[in-house]
Amino acid sequence: MIDKTGIAKRIAQEVRDGMYINLGIGIPTLVANYIPKNLNVVLQSENGLLGIGPFPTEEQVDPDLINAGKQTITMMPGSALFSSAESFAMIRGGHVDLTILGAMEVSEKGDIANWKVPGKMVKGMGGAMDLVASAKNIIVAMQHCSKDGASKLLTTCTLPLTGLQCVKKIVSDMAVLDVLPEGGFKLLERAPGVSVDQIKNATAGKLVVEGEIPEMKII
Amino acid sequence: MINKVVENAIVATADIPDNATLMLGGFGLCGIPENSISALLKKGVKGLTCISNNAGVDDFGIGLLLKTRQVRKMISSYVGENAEFERQLLSGELEVELIPQGTLAERIRAGGAGIPAFYTPAGVGTEVALGKETRTFDGKVYLLENWLRADFSIVKAWRGDTAGNLVYKGTARNFNPMMAAAGKITIAEVEELVPLGELDPNQIHTPGIYVQRVFKGTGYEKRIEQRTTR
């Protein structure tokens, strides 16, 4: 099994040079720390910034400069600021290359649920519905099972949906999986120390296993 | 030029009646009209419908108006870590309409721009789509979403001039420009109120035509929700 940092490190390997990327709140935000330094990428914050820089020093803290998780941030040279309408125009318009976000459940068809547990918890969808409806490539960072051991990779989502048939790839604490266009989770990699059988047992939806499944390489 | 300057938040918000629909700028606590929220609290106006991306936190921003039960309905995209907002929502004490953030921004933009409705892909196949018209364009399904307009829009800018031209700073811009255009009456509070000619016309974010009242705010707290440093 890998921890949150491990998930973030593995997702960072999916980043390619020249990408505009939107990172969701939580584990996805951590991905920024592990993007290889030789790649030129631009991070988008849906509250109105292209070019998120590192977290500020104490002296640099500016209450007028935050990311979508409301954390204080800095800007990169060449950053651009804009309104929320402009921000979602670039999201819906398909200009963002990669979206990385968290999920409570994903179905074998690529449906995602991450904003509400009826009667118990309502975070709100924030920008997630706009992002998943339009992004070209969506990678989900999530725990494979809930705390009581129930699978979160399902045949059909049980929680209210955020979007339909949109997730392309999942990096969990146990595995890396692709969501196949015809439906099903295709197992690509195992987390260190996790067996294919363990992943089978932890995946309620259709799991496709072909040949030898390598271990994730996390540095 | 038309002079839009009023003395302070109390004067600017004096005619906001009970049951008014308000838009309030800001994302989290960034770029919120602190002075006007305090004035509404003092005034005790009730039954408000508030359109705002968030509802502040428990003890700041719109959270203050939730606590005093001055808000009847919230139209937002994110409840987040506001425990009182989540509690009132789950118990049904507060009417809440949750809207995808991009749809919220565009509905407000449409309201100010005279576009009564538009199609968006956000929310297709989810409970957001319930009861809404859908249409297929180039093989993809879209939802019809209506504009949003308000009796009063209350925005916060960094600098403004006496004609109501506004400039925002950093990510404090967020929903403020669209809201400024979507209010029947728009109140702008600014950190710096400058004479005509001081702002570079090339750099104006909100042209003064959208703003009916402008005042210089005082005592900005600019609270930070997640102070994160290196």
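Please refer to the structure higher up on the page.
Summary of the structure given here.

Rules and cut-offs
- Residues numbered from 1 in each chain as written.
- Chains lettered and ligands numbered in written order.
- Predicted model: local features only at pLDDT ≥ 70, side-chain atom pairs only at ≥ 80, totals over all residues.
- Heavy atoms only, no water.
- Contact = heavy atoms within 4.5 Å.
- Buried area = accessible area lost by both parts, 1.4 Å probe.
- Salt bridge = Lys/Arg side-chain N within 4 Å of Asp/Glu carboxyl O.
- Polar contact = N/O pair within 3.5 Å; in protein donor to acceptor, adjacent residues only side chain to side chain.
- Helix = DSSP H or I, 4+ residues; strand = E, 2+ residues; numbered from the N terminus.
- Nonpolar A, V, L, I, M, F, W, Y, C, P; charged D, E, K, R; others polar.
- 1 Å grid on protein atoms, 1.4 Å probe; cavity = no way out; pocket = protein on both sides within 12 Å on 5 of 7 lines; lining within 4 Å.
- Points joined across faces, edges and corners; volume = space filled by probe spheres on them.
- Buried < 20%, exposed > 50% of the residue type's maximum accessible area, 1.4 Å probe, protein only.

1. Topic: the interface of chain A and chain B
In many analyses, interface size is given as the accessible surface area lost on bringing the parts together. Across the contact, 50 residues belong to chain A and 49 residues belong to chain B. When the area that chain A buries against chain B is broken down by residue, the three leading residues are Asp64(A), Lys70(A) and Lys123(A), summing to 19%. The interface formed by chain A and chain B includes six salt bridges. Of the charged contacts, one joins Lys222(B) and Asp64(A) as a salt bridge, the two residues approaching to 2.6 Å between their closest N and O atoms. Counting the contacts that link chain A with chain B gives 25 residue pairs in polar contact (both at pLDDT 80 or more). Within the residue set of the side of chain A that touches chain B, elements represented by two or more residues are helix 3 (84-92), strand 9 (121-122) and helix 4 (128-134) of chain A. Taken together, the residues of the side of chain A that touches chain B break down into 23 nonpolar, 17 polar and ten charged.

2. Considerations on the layout of surface pockets
All names here are of chain A. Approximately 1,000 Å³ is the volume found for the largest pocket. The wall of the largest pocket is formed by 39 residues, among which Ile25, Gly102, Ala103, Met104 and Asn114 lie closest to the centre. Looking at the lining of the largest pocket, the elements that each hand over two or more residues are helix 2 (27-31), strand 5 (98-102), helix 4 and strand 10 (138-142). Ranked by residue count, the leading element in the lining of the largest pocket is strand 5, at four residues. Its residues assigned to classes, the lining of the largest pocket comprises 19 nonpolar, 13 polar and seven charged. Space inside the second largest pocket adds up to approximately 880 Å³. Together, 39 residues line the second largest pocket, and Ala32, Leu43, Ile52, Gly53 and Pro54 are the ones closest to its centre.

3. Thoughts on unusual backbone geometry
All names here are of chain B. For Arg69, which is not a glycine, the phi torsion comes out positive at approximately 60 degrees. In this structure, Arg69 sits in the loop between helix 3 (63-67) and strand 3 (71-76). Given a relative accessible area of 44%, Arg69 falls into the partly exposed group. Even without glycine at this site, Asn174 takes up a positive phi of about 30 degrees. With respect to the helices and strands, Asn174 occurs in the loop between strand 9 (166-167) and helix 6 (176-182).

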